[in-house]
Each structure stands twice: as C-alpha cells, then as structure tokens.
Amino acid sequence: MSSARKSNMIVEHLRRAQMKELLAERKRLDGRGLTESRPIKIETNVIKKANGSALVTLGNTQVIAGVKVETDEPYEELPDKGLLICNAEVLPLASAYAEPGPPDEDAIELARVVDRGIRESEMIDLKKLVLIEGQKVYAVFVDVGVLNVDGNLFDATSYAVVSALLTAKLPKLEVKDGKIVDTGKLMPAPIKTVPVSVTMVRIGDTIIADPTSEEEACMDARVTMTTDADGHVCAVQKGGTGTFTVEQIHHVVETAISKGEEIRPIIKKVTESG
Amino acid sequence: MKVLGKLINEQGIRTDGRRVDELRPIKIEVGVLKNADGSSYIEFGKNKIVVAVYGPKEVHPKHMALPDRSVLRCRYHMSPFSVEERKNPAPSRREIEISKVTREALEPALMLDDYPRTAIDVYIEVLQADGGSRCAGITAASVALADAGVNMKDLVASCAAGKVDDTIVLDINDEEDKEGQADMPLALLPNLNQITLMQMDGILAKDEYKKCLDTAIEGCKKVYQLQKEALMKKYFGTEIEVGNLA
Amino acid sequence: MQEIKRKYVVPGDLITDDNVRPVSNVIKIGDKIYATRIGIAEVATDGVKVIPLSGIYFPRVGDLVIGKVIDHSAMAWELDINSCFSGHLPAQDVFGKEFSPSREDLTSRLRTGDLIACKIAAFDRSRDPLLTVADKDLGKIPKGEVVRISPTRVPRLIGKRGSMIQTIEQSTGCKIIIGQNGITVVSGASTDGILLAVKAIKMVEEEAHTANLTQRVKDMLQSSIGESIGQIDQ
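Residues numbered from 1 in each chain as written. Chains lettered and ligands numbered in written order. Predicted model: local features only at pLDDT ≥ 70, side-chain atom pairs only at ≥ 80, totals over all residues.

Draft legend 1. Focus on the overall build of chain B. Secondary structure summary: chain B contains four helices and 10 strands in total. Ordered by position in the sequence, the α and β elements of chain B form the string β-β-β-β-α-β-α-β-β-α-β-β-β-α. Its C-alpha radius of gyration of 19 Å places chain B within 12% of the 18 Å reference for a compact globule of 246 residues. For the C-alpha atoms alone, the extent of chain B along its principal axes is close to 60 × 50 × 35 Å. Taking all 246 residues of chain B together, the buried fraction comes to 54%. Partitioning the contacts of chain B with sequence separation of at least 6, the portion at a separation of at least 24 is 71%. (Helix = DSSP H or I, 4+ residues; strand = E, 2+ residues; numbered from the N terminus. Rg over C-alpha atoms; globule rule 2.2 N^0.38 Å. Buried ≥ 20, exposed ≤ 12 C-beta atoms within 10 Å, placed from the backbone. Contact = placed C-beta atoms within 7 Å.)

As structure tokens, this is what we get:
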C-alpha cells in the first residue's frame, strides 16, 4: 500500500463489521479460534557471525534476533551479575508505516517489555556470567530487527530472543593472572527457565490472543504477559488507550499460563537441532 | 599490507578454495517480504542481505517532492550482529557513504520521470556481512525494484574485482579485502553496458586498472544471469513458452 | 488477425531490433526495443508492448477504482486508492453545487473507513487524481468481502469482453465490483458462493501469466460446485 501517510493503518468499516460479526460467534477473520496462535516457525543459527541467532515467523510477522557477546564492567549496584542488553528496531523494511531513524516510543517499549520478560523470569543466570566480580563480566547483547509487521511484535520478538539465547554459543573465557583469556572453547548460555510471552487484545467484550495488524488496528486495549516454566507470571505490560475489567484480567492470566504451556515445547524444540 | 603468496597458492587457488576468476556462491530470492511493494534476499558468499522497496509513493513532507520526477532514497544499514564486533545500530559514516553510492548506482537504471511528485524508498539490511556487501546490496536492490514494478531501462548488476598477491582476481572475500592490494567494487547496466558504480582503494598500475575493470565487468555479467533467473523463477515458474492467453 | 509473438521478459531484455513502434512499458534506443518491466512482451506488426506482472496502480482518467476514505478537510475527502497518490473527492460531488462547509458536515455522508466505488475524473502530472461518484453504480459500498489483488492482474480477472468475471459471477451467484486499482468487493447471498468467488479471484491472480486460464477457472468452479452438490445429496 503506497499512498498511506497515516501513522496507523485504517481498517475499512466493511472489514471491521465482518470482524465484529465473527467475534460474536467466537471466530476470527482468518478462521482461528479466540486464543489460537498463528503457526510459529523458528529457525536458529541463521547468522553464523553471531554467537546465536533466530529467525521467527509468526503468521506474516517476521523477526530476526542476533546475540553478540563482549566483556565489560558490571553495573555498580550489581557487581556479581553479568550484563544482558536487549535492543529492538522495527526496520523500515517491515511496513509502509515504519520510518528509518532511531527507535520511537513503540520500538523502545517493545525492547523493554521483551527484556523484562527475559530478565524477571531469570532465564539467564547472570551470576554465572561473571569473570572478575565488580570488574569484568560477560555482556550479552541481543539485537532484534523486525522484518515484516503483521501484528504481535511482542511475542514474535520474545520468541526470537529466547530462541537465539537458547542456542547461543558463548566463548569460554577464563581469568589467568588477572587477565581475561579466551580458552578457544565454546559454552552455552547458563539457562534457568524458558519464558513465554503471550499477547492478547480486547475488541469490544472479546479477548483474542496473537492479534494480526488488522486486529490490533481495531483493538481497544492490549496486554502482554510472560510466564516461566513453573507457570508463574513474571512480566506484564498493558498497552493502548482502552481499559480492562478485573474479570478480563483474570481471564488473561489463565490464558497466558495455559498458552505458555502450549508454546514452551515449540520453543524448547530449537535446542534439539542446536 | 602486502603479503605475497599467502592469499593465492601455487595452483592458483585462493584461501576459500576458488580460482582467480570464480565468483562466490550466490543465491537470490524474490518477493520475500509481504508488506513491501518489492523485495529480495541475497546470499553472496557469506553475505546475507534482505532488501525492501516501497514506492512509488507519496512524499512526506510534501515540499521534498520534485514536480517532474520521483525522488529515490536509499538506506544501506548493517544489523548490529552482522559483523565480528557488534556494531552500534546508529548509522555510521561508512553506511551513509554506501547509501549514497548505492542510490547513485541504481538511479541511472530507473525511469524516475514516469512518477512525478513521488518517492521510491530502497531499504538494504545487511544481516551478515562478508566483503562485497555493497555489491550484493545493489544486486539485490535492483531485483527488488523490478519486483516492485518500477519502470527500469535495465537491471543493475554489481560485483567487485581486486588485486591480491599481484594478481587480478574476481569477487574478493573478507580476508582478501583486508590483506589484498586493491579492491574495486563496480555496478553495471548489463544490456546497455554502462557503469553506474565504481570505487577503488589500493594501488593499481594503468594496465592493472584496465584488467581489474574488465574482470569486474565480467563478474557483473555473471551476476546479471542469476538476477534474471531469480526473477523468471518467481514470476514465470517453470514456464518457458507463453502460450494462448485466453 | 495479426500474428502476435509473445515472450516472458524482465527489465532490460531486448525484445526486438526491428524498428517497431513502442507502445507501453518498453523503451526504444536506436532501433532496439527493451522491456522496462517484468511481464509478457507482445510483438505485433503495429507495435511492441509489455503486459506487466508487477507494479503499483498508476491513475488513469476514466478508471473505476475502489478507494478508502482516510481523511477529510472542510471541502473534500481524501481517499487511499492503492496508488502512489491519494484521490480527492470534492464535497460538491456528493452534496451538489450548493454545498457550503458552514451548513453541512462531510462526515454526515462519508466517513473515514468507508469504501467508495468512484471514477477518476481528472489526473495529470501536476496534481493528485480528482475523483467522482456522480455516476450509476458509484458511491459508498455498503457490504461485501474485500479482496486485494495486484492491479496488474485486473485485466485478466475481467477477461476478454468480461468473459472471466462473468464466469465467476454466474457460477457463484455473486456480484463482484472490480477496481482497476486492484481492490475488489464480492457480495452475494451464500457464504459458500462468496468463498468460492474469492478462491477463483485468487487463482486468477496467481496464474495470470499462464495459458488457458479461463478454462481452468471454469473447471475449478464446476468441480467445487459439483462437490458441494454431492454433499447435499448425501
């Protein structure tokens, strides 16, 4: 679509009406059930120069994540923890509405929400990424580029970051005579759990999971919830200018936990092929 | 840094097993991104690059529009994980220069007069870089522009040649780029035989320069065949004859 | 009937050097004619053209297009017509010559998100296309399923003298409005009919470059209808 200059997609009334009719029958435009996700495809190790990488396709949304490892000083208040830094960019390739330039508030929110899900769940045991406490630690960078937007960037980005970290090979560094030495060997990242992000939107009174761009353009409000392997909720972000009732949030929690259990094996499968 | 005899052995084989006139393996796919008006993906040796074209489209802000033609804008960008040492996502001076020469390499092929008061945006994202990424980017961008249906006089095929161990070689890789004696990226309109990109760094005597130029042009022509094949495959599948269009 | 030679081409391909007249999507340099688009080159004695298989919709006066209202000023609506330019529909075209912005509000007739069938009344290199709904069968589209195809496939979807689109409409019992800009709207009484029509439209888009398409679409429609009749009998 070449002439749209509006910052958001405008969905035709005909499509909106169709969407609402179907939602009343608990169906969606693409035939999915209310809490059904689109097919999730994950390819890992796609960028050999990176320590880890993953290309995730969620319906038509496509996202690539790359892990690069450096060493650096730890944060002053966390001298016994390695560093984990997540960045995300909605590349101008991804949509007619994406402009080149530094990340805007949506892209920054995307990166920080995904980061929170990884960090709060303690997916990576940062205590195992320390070389000299208070002085030198591993710094694990995960950079994400969104290649094609069709809704639910939060989950696609999270799955890409998690998959890239699960299959990453970090250089095994050692401290010899106060200096950092590369042993030449590789090691996996120290993984404690696999967090799964689940995003839902409310359209009228109906809550649907894994929204497409069209569904997001018609939403009243959105919520992203990340759960760990124990079924605990570890990160939440509500988005959009609409509201949720308490009952709706209870429903969201149930859905996030059950969908987390459903999707976790799909993500964990990437570790089999490495 | 000149290291004689290290990059090409006595049998004329280079560090990656190629002969001096051999291209690295190239794979081109067309129409890989759903939202873009045109797109392509290329693997050129270890380079992995995806390109999206949006346009022709309205120009914003309106005062940037030209009354009689379209404005071509190119962005060459490297992903932070695309190189050995993580690269800061902000555009570097190198990326800005490559964006400019890329635009100047593509523009001669495009019939921009056909689309007054519009813009055509070309976004080149390098997912993995390995010597010659600008040539791979231009090659893929030309394919993406054809996929977008922008009127073009010709495709733009791009390839580099260089001098390594006192020998002119085709399509230099990362190591040859760093340790070699000269590097000449080139882009060509293959049917009209016109050069649209030419850069060189290194030292070349006059006849070496001419040989390097010829070698790069031969490389561009080989790249062009692959561009054509990729476009034909996407649009016409295995069909060869057109047949009755009823 | 003159003989037409056809060939699949990509930009830059030499089509002929016979000094023939260039018609569309080609460029003549000296005696040589090159393709400027991906598509099917047709060489006839009176000219050479390329039928493009990709590309955005470029407005032409007289075309029927389907646009989506995306904005409005006090005097006109702005429509996304799936092109490199927005279309402008003046308020007077809908309200009449006596329209006055102080008396009447545009949103009372057409609002953002409405789909409108309109014609391109005027367009040239110096300004955006001017639209009109002042004709039979034009105006707001109240219902139907929207199917987007590449604008380059529209001629094939319509077919010679409308043969392809009539085949689809008759077999499925649907009415299909086709915009030259690649937006189509399918409406009909039966959901199955609509789904089948959408399937046929997508089939034409996918195979527009192949031979004997009309027959294959007919066969597909017949066998799908046959299946559903078979199911009812059981």
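Draft legend 2. Representation of the overall build of chain C within the structure. The helix and strand tally for chain C stands at five helices and 16 strands. Along the first, second and third principal axes, the C-alpha set of chain C runs to 65 × 65 × 25 Å. Contacts spanning at least 24 positions in sequence make up 56% of the contacts within chain C whose residues lie at least 6 apart.

Draft legend 3. A look at the sheet that holds strand β3 (residues 22–24) of chain C. Residue and element names in this part refer to chain C. A sheet is described by the order of its strands in space; here four strands give the open sequence β1-β6-β7-β3, paired in mixed fashion. Each having just a single partner strand, β1 (5–9) and β3 make up the two edges of the open sheet. Neighbour-to-neighbour, the strand axes of the sheet open up by a mean angle of 25 degrees, direction not taken into account. (Pairing = 2+ DSSP bridges. Axes fitted to C-alpha atoms, helices over the stretch in contact; angles between N-to-C directions.)

Draft legend 4. Expanded view of the nonpolar core. Counting 204 residues, the largest nonpolar core has A160, V161 and L165 of chain A together with V51, L106 and L145 of chain B as its most contacted members. A160 of chain A has contacts with A54, V56, V63, I64, A65 and V144 of chain A, leaving out every residue within four places of it along the chain. Counting residues in hydrophobic clusters, the runner-up holds six residues, among them Y115 of chain B together with F58, C84 and F85 of chain C. (Core = buried A, V, L, I, M, F, W, Y, C linked by C-beta atoms within 7 Å.)

Draft legend 5. View of the interface of chain B and chain A. The interface is formed by 27 residues belonging to chain B together with 30 residues belonging to chain A. Of all the secondary-structure elements, those providing two or more residues to the side of chain B that touches chain A are β3 (47–58) and β5 (118–128) of chain B. Of the residues in the side of chain B that touches chain A, the class split is 12 nonpolar, six polar and nine charged. (Nonpolar A, V, L, I, M, F, W, Y, C, P; charged D, E, K, R; others polar.)

Draft legend 6. Structural view of unusual backbone geometry. Residue and element names in this part refer to chain B. Residue P56 is bonded to the preceding G55 through a cis peptide linkage, with omega at -5 degrees. Relative to the helices and strands, P56 is located in strand β3. Omega for the bond connecting H60 with P61 falls within 30 degrees of zero, at 0 degrees, which places this linkage in the cis form. Mapped onto the secondary structure, P61 falls in the loop between β3 and β4 (71–78). Although it is not a glycine, D171 sits at a positive phi angle of roughly 55 degrees. Considering the arrangement of structural elements, one finds D171 in the loop between β7 (167–170) and α3 (174–179). Among the residues examined, D171 registers 27 C-beta atoms within 10 Å and is labelled buried.

Draft legend 7. Highlighting the interface of chain A and chain C. In this complex, chain A contributes 12 residues to the contact, which on the side of chain C involves 18 residues. Here the residues of the side of chain A that touches chain C sort into five nonpolar, three polar and four charged.

Draft legend 8. View of the domain arrangement of chain C. Here the domain parsing of chain C yields domain 1 (5–52), domain 2 (64–140) and domain 3 (145–233). On a C-alpha basis, the centroid separation for the pair domain 1 of chain C and domain 2 of chain C is 37 Å. (Domains from an automatic or database assignment.)

Draft legend 9. Looking closely at the pairing of strand β15 (residues 174–178) of chain C. Residue and element names in this part refer to chain C. Going residue by residue along β15, you find C174, I176 and I178 tucked away on one face and K175 and I177 left uncovered on the opposite face. Here β15 runs beside strand β16 (residues 183–188); their pairing, made up of five bridges, is antiparallel. Each bridged residue has a counterpart across the sheet, and for I177 the counterpart in β16 is V185. In this structure, the hairpin formed by β15 and β16 is closed by a connection of four residues, where G182 is found at a positive phi of approximately 90 degrees.

Draft legend 10. Inspection of the confidence of the model for chain C at higher detail. Summary statistics for chain C give a mean pLDDT of 91 and a share of 96% for residues scoring 70 or more. Model confidence for the complex: the whole-complex pTM is 0.94, and ipTM, which rates the interface, is 0.93. (pLDDT = per-residue confidence, 0-100.)

Draft legend 11. Seen up close, the sheet that holds β4 of chain B. All names here are of chain B. With mixed pairing, five strands are arranged side by side in an open sheet as β1-β2-β3-β5-β4. Two strands lie at the open edges of the sheet, namely β1 (26–30) and β4, each paired on one side alone. Each adjacent strand pair in this sheet contributes to an overall mean axis angle of 15 degrees, direction not counted. Pairing of β3 with β5 involves nine bridges; the strand directions are antiparallel. Following the sheet pairing, K48 is matched in β5 by Q128.

Draft legend 12. Representation of the environment of L58 of chain A. Residue and element names in this part refer to chain A. Here L58 shows up in strand β2 (residues 52–58). Taking the number of C-beta atoms within 10 Å as the measure of exposure, L58 has 24 and is therefore buried. Sequence spacing of L58 and I191 is 133 residues, and the spatial spacing of their C-alpha atoms is 24 Å. With residues up to four places along the chain from it excluded, the contact list for L58 reads R38, I40, N152, D155 and A156.

Draft legend 13. Highlighting the packing of helix α1 (residues 93–106) of chain B against helix α2 (residues 133–147) of chain B. Residue and element names in this part refer to chain B. Direction vectors running N to C along α1 and α2 enclose 45 degrees, while the axes themselves pass 10 Å from each other. The pairing of α1 with α2 is recorded here as oblique in orientation. Note on packing geometry: the crossing formed by α1 with α2 is right-handed. Contacts from I98, T102, A105 and L106 of α1 reach α2 at R134, G137, I138, A141, S142 and L145. (Parallel < 35°, antiparallel > 145°, perpendicular 65-115°, else oblique. Left-handed = near helix turned anticlockwise from the far one by under 90°.)

Draft legend 14. Summary view of helix α4 (residues 206–236) of chain B. The end-to-end C-alpha distance of α4 of chain B is 45 Å, a good match for the 45 Å that 31 residues give at a rise of 1.5 Å each. Two residues or fewer past α4 of chain B, G237 of chain B is found with a positive phi of approximately 60 degrees. (Expected span 1.5 Å × (residues − 1).)

Draft legend 15. Local environment of the pairing of β2 of chain A. Residues and elements named next belong to chain A. Burial analysis of β2 places seven of its seven residues in the buried class, the great majority of the element. Residues G52, A54, V56 and L58 point to one face of β2 and S53, L55 and T57 to the other, with burial holding for every one of them. Here five bridges tie strand β1 (residues 40–44) to β2, and the two strands are oriented antiparallel to one another. Along β2, the bridge assignment pairs E43 with L55. With seven bridges connecting them, β2 and strand β3 (residues 61–72) associate as antiparallel partners. If you follow T57 over to β3, its bridge partner there is Q62.

Draft legend 16. Highlighting the packing of helix α3 (residues 163–172) of chain C against helix α4 (residues 191–207) of chain C. Residues and elements named next belong to chain C. The N-to-C vectors of α3 and α4 enclose an angle of 155 degrees; their axes lie 9 Å apart at closest approach. For the element pair α3 / α4, the angle class is roughly antiparallel. Where α3 crosses over α4, the handedness of that crossing is right-handed. For the pair formed by α3 and α4, the contact residues are M164, I168 and T172 on the first element and G193, L196, A197, A200 and V204 on the second. Of the residues belonging to the contact of α3 with α4, the class tally is six nonpolar, two polar and no charged.

Draft legend 17. How the structure looks around helix α5 (residues 246–268) of chain A. Residue and element names in this part refer to chain A. In this model α5 runs 32 Å from its N-terminal to its C-terminal C-alpha over 23 residues, within 8% of the 33 Å that 1.5 Å per residue would give. Most pronounced at E261, the bend in α5 amounts to some 30 degrees, and the proline P265 follows within four residues. Here α5 has its buried residues at V252, A256, K259, G260, I263 and I267. (Bend = angle between axes of the 7 residues up to and from the residue.)

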